[in-house]
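The lines below spell out each chain.
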Amino acid sequence: MTRTAKTALTASAAALLAAGVTITTAASGWTLPTWLQNKAPSAVPASGDVPASPTPIAAAAAAVMAAPAAALPPAQLPNYRAIVQTQGPAVVGITVAGLHKVSAEDGAEMQGPGLEDDPFFRFFRGVPGLRMQPRGAQPFRGQGSGFIISSDGLVLTNAHVVRDAKQVTVKLSDRREFSAQVLGSDPATDIAVLKLDAKGLPAVQLGDPKQVQVGDYVLAIGAPYGFEQTATQGIVSAKSRSLPGDSVVPFIQTDAAVNPGNSGGPLFDASGRVVGVNAQIYSQSGGFQGLAFAIPVDVALKVKDQIVAHGKVEHARLGVTLQDLSAPLAASFGLGAPDGALVSSVMPGSAAAKAGLKAGDVITAVDGEAVRVAGDVSSRVGLARPGDKLKLELWRDKSRLSETVALGRADKEVQEASAAPERGSLGLALRPLERQELRGSGLDHGLLIERVTGPAQLAGVQPGDVLLALNGKPVQDIDQVRDAMKDKPKQVALLVSRDGQQIFVPVRLG
C-alpha cells in the first residue's frame, strides 16, 4: 500500500517539489520547412553580373541545414521478462492484521467502499473529498509488498505497511506462507525490516541508486490492490526529490504505475537490480496518476543495518532551518548560481550553533559532495547518526570557508508532553513543525498537536492545532512544555493557532 503525497500544496511546498526540474531545449539540427524552401527568394545572376548576396533568411537556413544533427545512440529496452523470471520469486506479498489507533491526520472516516477499514491512511492523505475525523482504535486487515534481501529471511518493506500490526504474514510467489517477525521500523524513512524463520530463500540483487539517471528504464513488482506479482514499467522521472514532511529521504521519482498494495515492493533498474523501495504516489484521485516515489535502496540498507544491530534507528540533527536559493537570493549573496542551502535560522545550543553556523550562511557542499537544494543537506543529516561528523563547505560574506560539525540527536517524531500521571498531564502528542509546514502556515515557531486526550480534549483543543505558547511563554520544542509542567500546575493557558486564527484555550488539570 502506498502513501499519497499531499495534493493541497502550499506555494513554498510546491516550489520545493519543483526543485530539480530539468529544462530542455530543442535538439540541434533542423531543416527549413517546405513552405519556406519553396518561397525563399533566389537570385539567378545574368552573365557577367555579380551574384546577388543571399537574404538573411536564406543564409540562416543554409547555415542550419549545414549543421549535422547530433546523433543519440539507440536505446534498447531491458529484458523485462528475464527480470521478472529471475527476481520475481524474491518479491513477496504482505498481509497484516491488528488494532489501528486512528488519528485526525490518518483520516479515520473516509469515503469509498472498503476504505474505512484500510490501515494505510497515509496513502490517501490529501485526496480531495475525504473526511478526516478521529474515531479511536479500529481493527484492521491490510496488505502491501516487500522483497527478500538475504537467503536467511530478511525482508524489506515500508514502515507504514506494518504499522500497528499484530500479525504479519508473508506470501512468496510459490505460494508458501510464513509468519514474520517485525525486527524494527523507522517512520522517518518509512522502512521496516521483517524476519522469516526459513533458509535458502530466493533473494534479490541489489544495485546502486547513484548510478541511475533520469530517463533510465525501471520496473516495479508488487501486489497492487492484492493482485500479486504485478509488474509495471516506466522511466526515472527525477532524482533526489524532496517531499513535504519527508525531508530525510531523497526520493527517486518514476512514472512506473504504483497503486495501493505496491508499498514496500522493489524498483528494479534495467539490469534487474533493486535500486529503490516503492513508497508513495502523488494523486488527486487516490489512484496512480503518473507520479510515483521510491526510497533509494542505499537509504533502506542503512536503516536495515541499524535495526539489525540495535533494534532501532537513531537520526542526527544539525539544528538549522534551511531554504532553497533563488536566482535573486544567490545574486544578493554574491553567488554565481542558485546552488546550495541557505541557513535562515540556527537553533540555540544545537550542533550548528556550537560549530559557529550563522543565519545567512550558504551550505555549498557536505563531505565534498556539492549541495544543489536544501533537501540535499536534510537527507545527509537525517541519515547520519548522532555524533557523526560532517564537513560543511560554506559561503559567508562572499568568501568560502569550511566547518566540521558533530551532529546532535534528533527528537522523536512524536513525543508525549506530559507530567506525572497523577496530575498535570496535558494529554497532548506534539511534534515540531516541518520547515515546509512553517512556511505554509506563516508561523515562525510552534508545535503541531497530533493527538489530544484528557484535559486538553475536554478544553476543546483539537488535532491539527499548533501550540504557540504556554502560559504566555512561546514554545519551540517539547522540552519547554515538559519544563512548564514539572510543577504540576492546576491550570494552564494554551495559545494555539487554528485555521489561521490564534486563540487562548484554558486547560484545567486539577
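Here, the structure is the one placed above.
Thresholds, definitions, all that
Per-chain numbering applies: the sequence of each chain, read as written, is numbered from 1 onward. The predicted nature of this model means local features are confined to residues of pLDDT at least 70 and side-chain atom pairs, given and counted, to a pLDDT of 80 or more, with totals for whole chains, interfaces and linings taken over all residues. By convention in this description, side-chain values take in all heavy atoms of the structure and omit both hydrogens and water. Put simply, DSSP H or I for four residues or longer makes a helix, DSSP E for two residues or longer makes a strand, and each gets a number counted from the N terminus. Buried, partly exposed and exposed residues are distinguished by accessible area as a fraction of the type maximum, computed with a 1.4 Å probe on protein chains only: under 20%, between the cut-offs, and over 50%, respectively. For this analysis, residues touch if any pair of their heavy atoms sits within 4.5 Å. Working definition of accessibility: Shrake-Rupley area with a 1.4 Å probe, residue cover restricted to the visible protein chains. We call Phe, Tyr and Trp rings a pair once their centres come within 6.5 Å, taking the six-membered ring for Trp, and we label the pair stacked below 30 degrees between planes, edge-to-face above 60, and tilted otherwise. Nonpolar cores were defined as sets of buried Ala, Val, Leu, Ile, Met, Phe, Trp, Tyr and Cys residues, with membership established by side-chain atoms within 4.5 Å. Each polar contact in these results corresponds to two N or O atoms within 3.5 Å; when the atoms are within protein, one needs to be able to donate a hydrogen and the other to accept it, and residues that are neighboring in sequence are counted only if both atoms are side-chain atoms. What a helix should span is 1.5 Å times the count of its residues minus one. What the arc covers is the set of directions going from the helix axis to the C-beta atoms. Criterion for a salt bridge: a side-chain nitrogen of Lys or Arg within 4 Å of a carboxyl oxygen of Asp or Glu. Pairs of strands are assigned from DSSP output, requiring at least two bridges between the strands.

*Asks:* How would you summarise the overall build of the chain if you had to cite specific residues and measurements?
*Replies:* The number of helices and strands found in the chain is 11 helices and 28 strands. Buried residues in the chain amount to 46% of all 510 residues. Sequence-distant contacts, at least 24 apart, represent 64% of the contacts inside the chain between residues at least 6 apart. Accessible surface, the chain as shown: approximately 24800 Å² in total, 53% of it carbon and sulfur.

*Asks:* Go over the packing of aromatic side chains with me, naming the residues and quoting the values.
*Replies:* In this structure the tally under the stated criterion is 1 aromatic pair. Ring centres of F251 and F293 lie 6.2 Å apart, and the angle between their planes is 75°; on these two criteria the pair is classed as edge-to-face. With F251 in strand β10 (residues 246-254) and F293 in strand β13 (residues 292-296), this residue pair connects regions lying 42 residues apart in the sequence. Take F251: its relative accessible area is 1%, and that puts it in the buried class. A residue is classified by how much of its surface remains accessible, and F293, at 5% relative accessible area, is buried.

*Asks:* Account for the nonpolar core, naming residues and giving values.
*Replies:* Grouped together as the largest cluster of nonpolar side chains are 50 residues, with contacts concentrated most on I94, V170, L194, F268 and I295. L194 has contacts with I94, G153, L154, V155, T157, V162, V168, V170, A180, Q181, V182 and L183, leaving out every residue within four places of it along the chain.

*Asks:* How would you summarise the environment of N471 if you had to cite specific residues and measurements?
*Replies:* Here N471 shows up in the loop between β25 (466-470) and β26 (473-474). Through-space distance from the C-alpha of N471 to that of A493 is 4.9 Å; in sequence the pair is 22 residues apart. Among residues more than four places away in sequence, those in contact with N471 are V492 and A493.

*Asks:* Give me the lowdown on the environment of S344, citing residues and values where you can.
*Replies:* Here S344 lies in strand β16 (residues 341-346). The exposure class of S344 is partly exposed, given its relative accessible area of 34%. Each C-alpha atom, one on S344 and one on G360, is 6.1 Å from the other, the two residues being 16 residues apart in sequence. Ignoring sequence-local partners within four residues, the contact set of S344 consists of T321, L322, Q323 and A359.

*Asks:* How would you explain the side chain of R396 if you had to name every residue and give the values?
*Replies:* As for its position among the elements, R396 is in strand β19 (residues 389-396). Only 3.1 Å separates the side chain of R396 from the backbone oxygen of G356, close enough to count as a polar contact. In this view, R396 contacts G356, L357, K358, D361 and L401; residues no more than four positions away in its chain are not counted.

*Asks:* Before we move on, can you summarise the side chain of T364 with the specific residues and values?
*Replies:* Structurally, T364 can be placed in strand β17 (residues 362-366). What T364 contacts, discounting residues up to four positions off in sequence, is E369, A370, V371, E393, L394, W395 and R400.

*Asks:* Quick one: what's the story with helix α5 (residues 297-310), residue by residue and with numbers?
*Replies:* Taking 1.5 Å of rise per residue, the 14 residues of α5 would be expected to cover 20 Å, and the 20 Å separating its terminal C-alpha atoms lies within 8% of that figure. Of the residues making up α5, those classed as buried are V297, V299, A300, V303, K304, Q306 and I307. Within two residues after α5, G311 carries a phi angle of roughly 80°, on the positive side.

*Asks:* Break down helix α11 (residues 478-485) for me, with residues and values.
*Replies:* Among all positions of α11, only I478, V481 and M485 are buried. One face of α11 carries all of its buried residues, which in axial projection span an arc of 65°. One side-chain oxygen of the residue at the start of α11 lies 3.2 Å from the amide nitrogen of D479, identifying that residue as D477.

*Asks:* Tell me about the pattern of salt bridges, and please be specific about residues and values.
*Replies:* Side-chain pairing between opposite charges can occur once the charged atoms of the two side chains come close. Taken as a whole, this structure holds 14 salt bridges when the rule is applied. Among the salt bridges present, the one from K171 reaches E228, with a minimum N-O distance of 3.5 Å. Of the two residues, K171 sits in strand β5 (residues 165-171) while E228 sits in the loop between β8 (217-222) and β9 (230-243), which places them 57 residues apart along the sequence. A relative accessible area of 22% means that K171 is categorised as partly exposed. Across the pair K304 and D305 runs a salt bridge whose closest N-O atoms are separated by 2.9 Å.

*Asks:* For unusual backbone geometry, give the residues involved together with the corresponding values.
*Replies:* Here the phi dihedral of D190 falls at roughly 65°; this positive angle occurs in a residue that is not glycine. Locating D190 in the fold gives a position in the loop between β6 (177-186) and β7 (191-196). Here D367, not a glycine, exhibits a phi torsion of approximately 50°, which is positive. Of the residues examined, D367 reaches a relative accessible area of 37% and is grouped as partly exposed.

*Asks:* An account of the pairing of strand β24 (residues 447-452) is needed here, citing residue identities and associated values.
*Replies:* Moving residue by residue along a regular strand, the side chains alternate between the two faces of the sheet. Where burial is concerned, most of β24 is hidden: 5 out of the 6 residues are buried. The pairing of strand β23 (residues 428-432) with β24 spans 5 bridges and is classified as antiparallel. Paired with L430 across the strands is I449, a residue of β24. Pairing analysis gives 2 bridges linking β24 to β25, with the strands arranged antiparallel. Paired with L447 across the strands is L467, a residue of β25.

Keep in mind these numbers describe shape, not what the thing actually does.
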